[in-house]
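Listed here are the chains, written in short residue letters.
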Amino acid sequence: MTEHPSAMPGKPTSYSRVTLSRIMTAIDVNLYGTVHGGVLMKFVDDVAGAAAARHSGGTAVTAAIDEIVFSEAVRVGDLVHAYAQVNWTGQTSMEIGVRVTAERWDSAEQEPVRVATAYLVFVGVEVDGAPRPVRPVLPETPEDQRRWREAEIRREHRLARRRAIQAHRAG
């Protein structure tokens with residue numbers, strides 16, 4: 001793990017963990033009869049925003065969605081749970097990891113099914129919208145440390161992609 005740039009006292013990963021749950025209804029359905037991906041994306045953004053605000057101690061806004069993968073369809077009646085935590089922090093930004101599961105309404109005794117995973121970048125902001133420093137996240141477990149390292153890889157790729165696109169446009 002690299003050293004965090006902030007002198008602020010950190011918070012353990014567990015402090016940022018948030019779970020949101022909701023039952024999917026007929027208004028959430030797409031033309032194919034399953035829950036619309038956009039509904040799940042908003043749900044992911046909501047839970048990630050709650051984790052980011054909890055960790056940063058104030059307003060945090062979505063800066064990027066690094067990745068979202070839908071692995072199973074969600075159906076009307078499913079009880080969907082979204083779990084989020086801060087994986088990594090920089091000076092003003094944070095990566096939030098989200099896992100989404102569904103309890104099938106017609107097979108409630110079975111294990112929940114993983115339906116999506118996502119990684120989002122949030123930035124702590126002041127009232128005027130200017131970025132503000134966020135406190136470090138302190139990984140507590142080997143799993144948290146793995147997530148930190150993988151978040152750094154995603155960040156490096158995101159910044160390299162941005163530089164390559166800017167160089168292409170300039171040249």
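Residues numbered from 1 in each chain as written. Predicted model: local features only at pLDDT ≥ 70, side-chain atom pairs only at ≥ 80, totals over all residues. Heavy atoms only, no water.

Participant: Account for the nonpolar core, naming residues and giving values.
Facilitator: Membership of the largest hydrophobic core comes to 32 residues, with the highest contact counts inside it found for Met94, Ile96, Val98, Val100 and Phe122. Elements with a contribution of two residues or more to this core: α2 (37-56), β4 (79-89), β5 (93-103), β6 (113-124) and α3 (142-170). By residue number, the principal contributor to this core is α2, which donates eight residues. Discounting chain neighbours no more than four positions away, the residues touching Val100 are Val44, Val80, His81, Ala82, Val113, Arg114, Val115 and Ala116. (Core = buried A, V, L, I, M, F, W, Y, C linked by side-chain atoms within 4.5 Å. Buried < 20%, exposed > 50% of the residue type's maximum accessible area, 1.4 Å probe, protein only. Helix = DSSP H or I, 4+ residues; strand = E, 2+ residues; numbered from the N terminus. Contact = heavy atoms within 4.5 Å.)

Participant: Give a detailed account of the side chain of Thr13, specifying residues and quantitative values.
Facilitator: Topologically, Thr13 is positioned in helix α1 (residues 13-16). The residues contacting Thr13, other than those within four sequence positions of it, are Gln85, Val86, Val137, Leu138, Pro139, Glu140 and Asp144.

Participant: Account for the pattern of salt bridges, naming residues and giving values.
Facilitator: By the definition in use, this model includes ten salt bridges. A salt bridge links Glu95 to Arg154, with the nearest nitrogen and oxygen atoms 2.7 Å apart. Of this pair, Glu95 sits in strand β5 while Arg154 is found in helix α3, placing the two residues 59 residues apart along the sequence. The pair formed by Glu95 and Arg154 is uniform in burial state, with each residue classed as buried. (Salt bridge = Lys/Arg side-chain N within 4 Å of Asp/Glu carboxyl O.)

Participant: Before we move on, can you summarise the sheet that holds β5 with the specific residues and values?
Facilitator: Strand order in the open sheet formed by five strands is β2-β4-β5-β6-β3, with antiparallel pairing between adjacent strands. Each of the sheet's edge strands pairs with one partner strand only, and the pair in question is β2 (18-23) and β3 (60-70). Here the average twist between neighbouring strands, direction ignored, is 20°. Of the pairings in the sheet, the one linking β4 to β5 comprises ten bridges and is antiparallel in character. (Pairing = 2+ DSSP bridges. Axes fitted to C-alpha atoms, helices over the stretch in contact; angles between N-to-C directions.)

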